[in-house]
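The chain contents come next:
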Amino acid sequence: MSFSSFCCKLYSSRSCNEVLSVGVASKVKEFDFERLFHSCTKIYILKCLHALLVVSGNAKSIFIGTRLVNLYAHLGDVSLSQKTFCMIESKDAYTWNSMISSYVRNGHFCESLNCLNEMLSTTDVKPDFYTFPPVLKACDNITDGVKIHCWASKLGVEWDVFVAASLVHMYCRFQSSSVAFRIFKDMPYRDMGCWNAMISGFCQNGNAMEAMSLLDEMRLEGIKMDSVTIATVLPICAQLGDIVHGLLIHLYVIKHGLELDVFVSNALINMYARFGELRHAQKIFDDMMVVRDIVSWNSLIAAYEQNNVPEEALKYFQEMMINGIQPDLLTLVSLASSIAQTKSFRCCGSVHGFILRRYWIPKDVIMGNAVVDMYAKLGLIHCSRKVFDEIPIKDVVSWNSMITGYAQNGLATEAIEIYNMMKECGDIAPNQGTWVSILPAYAHLGALQEGTRTHGHVFKVALNLDVFVGTSLIDLYGKCGRLDDAMSLFHEVPKMSSVPWNAIISCHGIHGNGRVSLKLFNDMLDEGVKPDHVTILSLLAACSHSGLVDEGKKYFYMMEQEFGIKPVLKHYSCIVDLFARAGRLQTAYHFIKSMPLQPDASVWGALLGACRVHGNVELGRLASDNLFEVDPENVGYYVVLSNIYANRGKWEGVNEVRSLARDRGLKKIPGWSSIELNNKVEVFYTGNQSHPQCDEIFEELGILTAKMKTLGYTPDNTFVLQDVEDDEKEQILTSHSERLAIAYGILNTPPKSPLRIYKNLRVCGDCHNVTKLISKITEREIIVRDSNRFHHFKNGVCSCGDYW
């Protein structure tokens, strides 16, 4: 009888008695059990063998029983492993160790700790140095880890090389690298695994410099790096920005023949990608022709995606599929980000469908987060929210992605609502990403009180000096008109990168302090901080808002010659705005025509906005014709052209443009202004008469208007964009949203206290003049942030010098 047929017959029998009744017991003795153990690749075959061992009486052997425990665990059935373990009468340390390891191998960490406790409390068998490495891995808190460390010390196995290395791993896992390092230094003997454990532990705890120092110490002791060491150290080189050290390690890899190790090659690809050295990353990948795995493909695709070359990432994804390599979760995460970068609306649905067919979103929160982020970056925020709601167990990244998605799509109120929902989830704690996401939303709305409350939370968790959180706070206070507070924070945060410098330069720029922005830029250079494209963008915008035309031109032409920064369309649009805002409309137009890049909506939009200010109908029509071609769905451009015609009294042109917008299904964005009082943001729309204090507000405006007229104020009806009578035009001007907000503030705050108003559109010329006069009459400082910049009104004067 063959083995398989005999096993099947035996396995189908109900009991050993039935087997014995047909005389099988004597035949069982004839089998070679060693060979049969090696044949057990499936659970059902192992069950057959187990039955044979029971019949033969061999199952009582401690060696055979323990072997069954291990084999059941290896095949993934911990319950049978545990039942077999319980059947062994006289257990030794090897048996207990096997059961503990079986639990750990299959992720049953709590059961492994319980098993150790049972071993310690109910038997005379003591743990040995094989017991502790797996059980230390099972610890889910440092308290359990310390208890096990105490047992290892008591039993005298603490300095076994494997136990000590496991202790190092355990303490590093719980951010106790100092304790881990003390154990490491006291070890009487260290093997390669111990060095790797400690270097890896420093990396896990963000101690990159200590990791590199330990690597140097290891090499001084004559110990050569292996593939694990190299794969651990290469990310540190990228983290420290130390490409020289990375290149030296690459040379070591070549010298010692490690370049064919797929683990090492993948780490090299990732390191070069972090440095933006895609040519080197590509060469390593090309040289891996024989040994590439899914990680290799993922590393190269991620390299192109992370360096903003999404087309290449998509190309290699297609090549990967052609080569028969099936994508995994990490592949799709990079793919989703690449599609968002390419703005490929057609492909996003295909990727989402691919993910849905594999049921990956409910299985893995990382995949759900990637799809949420992809849709948000494409502006499909409703799709993003739908996927977010479908994620069954959300982590902090899920919430951060949704908050960021709303904030980056101009939906600050919705971002704050999501943040408040997150706070109600007791098991989710905000982190650095949360603060960096929500603070810009508060800045956008001018919700200063909510922002300062969040600043308090940040301070409690000691993240106020984190460069990214600190920069977000600088941006918040700067955009809420508190420049002194923004500067105080700027002096506190680390300033080794361009990030905080960019924020403070931009803040002073939107407040019209162009000269201060220029000084800060020069201070940045003196500190040895290299500017990036955002720095130059912030600097050019500051020059534009302050009328510093010559300075703006100078830095634009310097950016490529001295700083090696190639101008992109946003830089060109800043220069167009610089010329146009200063009234040099023809110069701006000629600059556009001489551009080496095809002008986009930002470039033509800058010219159109200036044409409105300076009343140039012909050039405004030319700019709008180009805008309707490159961005036909943006209703704002139709409104600006309509306003240009209205200012000149060309009502036929107004009707033509409005009709064109209506035919394309576009609706004008309503103007609103907000003011924050008593922890509540009050929003006023132009002509709003639904507010509870509506009568009082219009009465106050009437009193103020009468006082202004005694000072020589005459309403400028050219800013009324409807073809109505003069008395109706004055009424329309009086009901502009910023005036309603100012009157509400005057009624509900102490005399002479400052008012902070936030407006979503540009302040009109008449409201600008009125606010100057109100500041003088009421002896208040009125700070207004419109869509362009800040205006500080005080004693009848505006900080912009009537240049905005």
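On a predicted model such as this, the values are computed, not experimentally measured, just so you know.

1. Things to note about the confidence of the model for the chain
Note that predicted coordinates carrying low pLDDT should not be read in detail.
And step 1. Mean pLDDT over the chain: 85, with 95% of residues reaching 70 or higher.
And step 2. In the model, residues 1–29 has pLDDT below 50 throughout and makes 31 contacts with residues more than four positions away in sequence or in other chains.

2. Looking at helix 31 (residues 467–479)
And step 1. In a regular helix each residue adds 1.5 Å, so 13 residues correspond to 18 Å; helix 31 covers 18 Å between its end C-alpha atoms and thus fits that length.
And step 2. Of all 13 residues that make up helix 31, 11 are buried, and the element is covered over most of its length.
And step 3. Listed as buried for helix 31 are Val467, Val469, Gly470, Thr471, Ser472, Leu473, Ile474, Asp475, Leu476, Tyr477 and Gly478.
And step 4. Glycine 481 lies just past helix 31 and shows a positive phi near 85°.

3. Remarks on the sheet that holds strand 1 (residues 672–677)
And step 1. Judged by pairing direction, the sheet is mixed, and its 6 strands sit side by side in the order 2-1-3-4-5-6 without closing on themselves. Only two strands of the sheet have a single neighbouring strand rather than two, namely strand 2 (680–685) and strand 6 (797–798).
And step 2. Relative to strand 6, strand 5 (residues 790–794) runs antiparallel, the two sharing 2 bridges. For phenylalanine 793, the partnering residue across the bridge sits in strand 6 and is cysteine 798.

4. Regarding the side chain of serine 384
And step 1. Tracing the backbone through its elements, the reader meets serine 384 in helix 26 (residues 381–390).
And step 2. Within the local environment of serine 384, its side chain forms a polar contact with the backbone oxygen of valine 372, the two atoms lying 2.7 Å apart.
And step 3. Filtering out sequence-adjacent residues up to four positions away, serine 384 remains in contact with Val372, Tyr375, Ala376 and Met402.

5. Some words on unusual backbone geometry
And step 1. Phi is positive for alanine 462, close to 60°, though the residue is something other than glycine.
And step 2. Looking at the element boundaries, alanine 462 is found in the loop between helix 30 (448–460) and helix 31.
And step 3. Alanine 462 gets classed as exposed once you look at its relative accessible area, which sits at 61%.
And step 4. Backbone geometry places glutamate 779, a non-glycine residue, at a positive phi of 55°.

6. So, the side chain of histidine 792
And step 1. Note on placement: histidine 792 falls in strand 5.
And step 2. Residue classification places histidine 792 among the buried positions, given a relative accessible area of 17%.
And step 3. Here histidine 511 takes part through its side chain, which lies 2.7 Å from a polar atom of the side chain of histidine 792.
And step 4. In this view, histidine 792 contacts Gly481, His511, Glu781, Ile782, Ile783, Val797, Cys798 and Ser799; residues no more than four positions away in its chain are not counted.

7. A word on the pattern of salt bridges
And step 1. Counted according to the given criterion, the structure contains 18 salt bridges.
And step 2. The residue arginine 190 makes a salt bridge to glutamate 221 at a minimum N-O spacing of 3.8 Å. Separated by 31 residues along the polypeptide, arginine 190 in the loop between helix 13 (177–186) and helix 14 (192–204) and glutamate 221 in the loop between helix 15 (208–220) and helix 16 (227–240) bring together distant segments of the chain.
And step 3. In this structure glutamate 221 comes out as partly exposed when scored by relative accessible area, which is 46%.
And step 4. The salt bridge involving arginine 739 is made with aspartate 766; its shortest N-O contact spans 2.3 Å. Of this pair, arginine 739 sits in helix 45 (residues 737–748) while aspartate 766 is found in helix 46 (residues 765–778), placing the two residues 27 residues apart along the sequence.
And step 5. A relative accessible area of 5% places arginine 739 in the buried class.
And step 6. In the salt-bridge network here, residues are joined through shared partners; they are Arg621, Asp625 and Glu656.

8. Topic: the packing of aromatic side chains
Geometry of an aromatic ring pair is reported as the spacing of the ring centres plus the angle between the planes.
And step 1. The tally for this structure, following the rule as stated, stands at 21 aromatic pairs.
And step 2. Taking 6.1 Å as the distance between ring centres and 65° as the angle between the ring planes, the aromatic pair formed by phenylalanine 579 and phenylalanine 591 counts as edge-to-face. In this pair, phenylalanine 579 is assigned in helix 37 (residues 569–581) and phenylalanine 591 in helix 38 (residues 585–593), connecting sequence segments 12 residues apart.
And step 3. When its relative accessible area of 6% is taken as the criterion, phenylalanine 579 is described as buried.
And step 4. Within the aromatic cluster, the residues linked to one another by ring pairs are Phe556, Tyr557, Tyr572, Phe579 and Phe591.

9. Some details on the nonpolar core
And step 1. In this structure, Ile230, Met374, Ile474 and Leu607 are the most contacted members of the largest nonpolar core, which totals 199 residues.
And step 2. Here the element with the most residues in this core is helix 12 (residues 161–173); it accounts for 9 residues.
And step 3. Excluding its chain neighbours within four sequence positions, the residues that come into contact with methionine 374 are Ala336, Ile339, Ala340 and Cys348.

10. Here's the deal with helix 17 (residues 243–255)
And step 1. For helix 17, with 13 residues, the first-to-last C-alpha span of 18 Å sits near the 18 Å given by 1.5 Å per residue.
And step 2. Of the residues making up helix 17, those classed as buried are Gly246, Ile249, His250, Tyr252 and Val253. Buried residues in helix 17, looked at end-on, bunch into an arc of 155°, giving them a common side. Residues of helix 17 that are exposed and angled more than 90 degrees away from the buried face: Val244, Leu251 and Lys255.
And step 3. Buried residues along helix 17 sit against helix 15, helix 16, helix 18 (262–274) and helix 19 (278–287).
And step 4. Glycine 257 lies just past helix 17 and shows a positive phi near 70°.

11. Regarding the packing of helix 27 (residues 396–408) against helix 28 (residues 412–424)
And step 1. Two elements in contact, helix 27 and helix 28, have axes separated by 7 Å at closest approach and are oriented at 165°. If you check the angle between helix 27 and helix 28, you find them roughly antiparallel. The hand of the helix 27/helix 28 crossing is left-handed. The residues of helix 28 that touch helix 27, namely those facing Val396, Trp399, Asn400, Met402, Ile403, Tyr406 and Ala407, are Ala412, Glu414, Ala415, Ile418, Tyr419, Met421 and Met422.
And step 2. When the residues that make up the contact of helix 27 with helix 28 are grouped by side-chain class, the tally is 12 nonpolar, 1 polar and 1 charged.

12. Thoughts on the UniProt feature "repeat: PPR" (unreviewed entry) in the chain
And step 1. In this numbering, the UniProt entry assigns the feature "repeat: PPR" (unreviewed entry) to residues 92–127, 191–225, 293–327, 395–429 and 466–500.
And step 2. The span residues 191–225 shows a helical share of 74% and a strand share of 0%, and its end C-alpha atoms are spaced 12 Å apart.
And step 3. The span residues 293–327 carries 74% helix and 0% strand; its end-to-end C-alpha distance comes to 11 Å.

13. Notes on the pairing of strand 4 (residues 782–785)
And step 1. On strand 4, burial covers both faces: Ile782 and Val784 on one face and Ile783 and Arg785 on the other are all buried.
And step 2. Bridge analysis of strand 3 (residues 755–759) against strand 4 gives 4 bridges, and the strand direction is parallel. Across the sheet, leucine 755 pairs through a bridge with isoleucine 782, a residue of strand 4.
And step 3. This β-α-β element, strand 3 to helix 46 to strand 4, shows right-handed connectivity.
And step 4. Counting the residues that bridge the hairpin from strand 4 to strand 5 gives 4 residues.

Definitions and limits used
- Residues numbered from 1 in each chain as written.
- Predicted model: local features only at pLDDT ≥ 70, side-chain atom pairs only at ≥ 80, totals over all residues.
- Heavy atoms only, no water.
- pLDDT = per-residue confidence, 0-100.
- Contact = heavy atoms within 4.5 Å.
- Helix = DSSP H or I, 4+ residues; strand = E, 2+ residues; numbered from the N terminus.
- Expected span 1.5 Å × (residues − 1).
- Buried < 20%, exposed > 50% of the residue type's maximum accessible area, 1.4 Å probe, protein only.
- Pairing = 2+ DSSP bridges.
- Polar contact = N/O pair within 3.5 Å; in protein donor to acceptor, adjacent residues only side chain to side chain.
- Salt bridge = Lys/Arg side-chain N within 4 Å of Asp/Glu carboxyl O.
- Phe/Tyr/Trp six-rings, centres within 6.5 Å; stacked < 30°, edge-to-face > 60°.
- Core = buried A, V, L, I, M, F, W, Y, C linked by side-chain atoms within 4.5 Å.
- Arc of directions from axis to C-beta.
- Axes fitted to C-alpha atoms, helices over the stretch in contact; angles between N-to-C directions.
- Parallel < 35°, antiparallel > 145°, perpendicular 65-115°, else oblique.
- Left-handed = near helix turned anticlockwise from the far one by under 90°.
- Nonpolar A, V, L, I, M, F, W, Y, C, P; charged D, E, K, R; others polar.
- UniProt positions renumbered as here; feature names shortened; annotations may be inferred.
- Right-handed = clockwise from strand over helix to strand, strands pointing away.

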